Amino acid sequence: MKEKNYTTYSKHRQEISPQKIKKNSSHILPGFKPVMELLENNPGKIDHLYLRKGKNTKENFQIINLCKENSIRHTLVSDEALNRLCDNSQHQGIAVRLREVSYVPFEELLENAFNSPLPLIIALDQVLDPGNVGTLVRTMYALGAAGLVVPKHNSAFLGAGAQRSAAGSLDKLPISEVVNLARSVELASKSGYTTYYADLNGLNIFDNNTEQKLQFPALLVLGSEEKGVRQGVQNHCSAGLSIPFLREFDSLNVAQAGAILIARFLQTQLNKTII
C-alpha cells in the first residue's frame, strides 16, 4: 500500500546539505584511486557516489560519465558533507557507499519462484524507508514468499537499518534490483505471472469473489504512502487489491499493508492446496 515519504536522490547530480548524509563508515569507501578502480572494474558494488561540488576538472567529468554509463546514483556535495560521511578521513573529494545486499537477476527470480512455498513476488515502487522494507522482508521470508524486487533508483538503501528490521532474513530472501519496474512487471506478466498492485480503490481482498481471482504465480506491487503505485506500473497489472478499513483511517505503512496482503495470498494458497 503506502509508506511515508523520505528524501531520496535520483541518478542525476544534486546538491544536498551535510545534515542529510548519514554516516555508516563500514560501508563508505573514500579516495580517488580506490573509487576509480571500482568504477572501472566493478561498478555493481557501488550504491551511491558522492563527489565534491565546485570542481570542474577532467577527472570529475570522467567520474560523472562513468556513473551515467553504469546508472550509478551520484550527488554533488560540499567538503563538510564529505568529511561527515567519511568520519573526517582523507577522501580527496570523492567517496562511495557500497552495496550491502547481493542481488539475483530478475529472470532468475521469476524462474525460481515456482519452487517457493508461496509463489508470490513482492515489488516495491518508490518505497524509501529501510526499516519498513526490512520488516516487510522479515514477513515475506516467514510466510514463504518467493522474493523481493526493488528499483535501482528511488528506493530504500538496504543497509544497517533494513538489516536490523529484517532480523537476518535480508540475506536469505532472494532480492532483485531492476532499472525499470514497469517493464519488469510487464515481463512477469508475459512469463505467466498474474500481476497485482495495492490500491485503496482496488478489490476487497477479504471478499470471497476476490479470493477466486488470486492466481499463482503472482507478483504484487506495493507503493509509497504518499503517491501509491505509479500509473505506468499499474498499467501492466491485472487488478488492484485493497484492504477494507472498518474505521475511518488514512493508510497503513508498506510493512503493515504488505503483511496483511501476503497473509491473504497465503490463505488462498493453503485453501487451494487443501481442495
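Summary of the structure given here. Predicted model, so just to flag it, every value in this text is computed and none were measured. (Residues numbered from 1 in each chain as written. Predicted model: local features only at pLDDT ≥ 70, side-chain atom pairs only at ≥ 80, totals over all residues. Heavy atoms only, no water.)

## With respect to the overall build of the protein chain
Selection criterion: Put simply, DSSP marks the helices as runs of H or I at least four residues long and the strands as runs of E at least two long, and each gets a number from the N terminus on. Residue contacts are defined here by distance: any two heavy atoms, one from each residue, within 4.5 Å place the two residues in contact.
Tallying secondary structure elements over the protein chain gives 10 helices and 10 strands in all. The contacts in the protein chain between residues at least 6 apart in sequence include a share of 85% that link residues at least 24 apart.

## A look at the packing of aromatic side chains
Spelled out, the test is: Under the pairing criterion, centres of Phe, Tyr and Trp rings, with the six-membered ring standing for Trp, must be within 6.5 Å; the plane angle then separates stacked pairs below 30 degrees from edge-to-face pairs above 60, leaving the rest tilted. Buried, partly exposed and exposed residues are distinguished by accessible area as a fraction of the type maximum, computed with a 1.4 Å probe on protein chains only: under 20%, between the cut-offs, and over 50%, respectively.
Counted under the stated rule, the structure contains 3 aromatic pairs. Between the aromatic rings of Phe114 and Tyr193, the centroid separation amounts to 5.8 Å while the plane-to-plane angle is 65°, which identifies the pairing as edge-to-face. Of the two residues, Phe114 sits in the loop between α4 (106–112) and β5 (118–125) while Tyr193 sits in the loop between α7 (181–190) and β8 (194–204), which places them 79 residues apart along the sequence. Classification of Tyr193 as buried rests on a relative accessible area of 3%. On the basis of an interplanar angle of 75° and a centroid distance of 5.9 Å, the ring pair of Phe216 and Phe265 is categorised as edge-to-face. Taken as a pair, Phe216 in the loop between α8 (208–213) and β9 (218–223) and Phe265 in helix α10 (residues 254–274) lie far apart in primary sequence, 49 residues in all.

## Regarding the nonpolar core
Selection criterion: As used here, the term nonpolar core means buried Ala, Val, Leu, Ile, Met, Phe, Trp, Tyr and Cys residues forming a set that is joined through side-chain atoms within 4.5 Å.
Within the largest apolar cluster, 38 residues are counted, with the highest numbers of intra-cluster contacts made by Ile122, Leu124, Leu148, Leu220, Leu222 and Phe265. Every element with two or more residues in this core is listed here: β5, α5 (130–142), β6 (145–151), α6 (160–166), β8, β9, β10 (239–242) and α10. Considering every element that reaches this core, the biggest residue donor is α10, with 6 residues. Judged by nonpolar contacts, the second largest core, of 20 residues, contains Leu110, Ala182, Tyr193 and Tyr197.

## Describing the sheet that holds strand β1 (residues 28–30)
Cut-off, in case you're wondering: Any two strands between which DSSP finds at least two bridges are classified as paired. Axes here refer to lines fitted to C-alpha atoms; in helices the fit is confined to the stretch in contact. Angles between the N-to-C directions go from 0 to 180 degrees.
Spatially, 4 strands are ordered β1-β4-β2-β3 in an open sheet, and the strand pairing comes out mixed. The outermost strands of the open sheet, each flanked by one partner alone, are β1 and β3 (73–77). Neighbour-to-neighbour, the strand axes of this sheet turn through a mean angle of 20°, independent of strand direction. Here 5 bridges tie strand β2 (residues 46–52) to strand β4 (residues 94–98), and the two strands are oriented antiparallel to one another. For His48, the partnering residue across the bridge sits in β4 and is Arg97. Lying on the sheet, helix α1 (residues 32–41) is in contact with β1, β2 and β4; it crosses β4 at an angle near 50°. Each of β2, β3 and β4 touches helix α2 (residues 58–69); the most contacted strand, β2, lies at about 155° to it.

## Thoughts on the pattern of salt bridges
Proximity of charged atoms lets side chains of opposite charge pair with each other. Formally: Salt-bridge detection follows one rule: a side-chain nitrogen of Lys or Arg within 4 Å of a carboxyl oxygen of Asp or Glu.
Throughout the structure, instances matching the rule amount to 6 salt bridges. In this structure, the salt-bridge partner of Asp47 is Arg73, at a minimum N-O distance of 2.8 Å. In this pair, Asp47 is assigned in strand β2 and Arg73 in strand β3, connecting sequence segments 26 residues apart. Note on accessibility: Asp47 and Arg73 belong to one class, buried. Ionic pairing is found between Asp125 and Arg230, a salt bridge with its closest N-O pair at 2.7 Å. Here the residue Asp125 occupies a position in strand β5, and Arg230 occupies one in the loop between β9 and α9 (231–234), the gap between them amounting to 105 residues. Each of Asp47, Arg73 and Arg97 takes part in one network of salt bridges that share partners.

## So, the pairing of β8
Where β8 meets β9, 4 bridges bridge the pair, whose relative direction is parallel. Note that in β9 the partner of Tyr197 across the bridge is Val221. Here β8 pairs with β10 via 5 bridges, running parallel. Looking at the pairing, Asn204 lines up with Ser242 of β10.

## A few points about α1
How we decide: Throughout, the arc means that of the directions going from the helix axis to the C-beta atoms.
Residues of α1 that are buried: Val35, Met36, Leu38 and Leu39. Projected down its long axis, α1 carries its buried residues within an arc of 160°, all on one side. Of the exposed residues in α1, the ones pointing more than 90 degrees away from its buried face are Lys33 and Asn41. In this structure, the buried residues of α1 make contact with β1, β2, α2 and β4.

## A look at the sheet that holds strand β7 (residues 175–178)
Read from one edge to the other, the open sheet built from 6 strands follows the order β7-β6-β5-β9-β8-β10, with strand pairing classed as parallel. In this open sheet, the two edge strands, each paired with only one partner strand, are β7 and β10. On average, each strand axis in the sheet is tilted by 35° relative to the strand beside it, whichever way the strands run. Pairing of β5 with β9, which is carried by 6 bridges, proceeds in the parallel orientation. Residue pairing across strands places Leu124 opposite Leu222, the latter belonging to β9. Strand contacts of α5: β5, β6 and β9, with the helix running at about 160° to β6, the strand carrying the most contacts. The sheet strands contacting α7 are β5, β6, β7, β8 and β9, and the helix crosses β9 at an angle near 160°.

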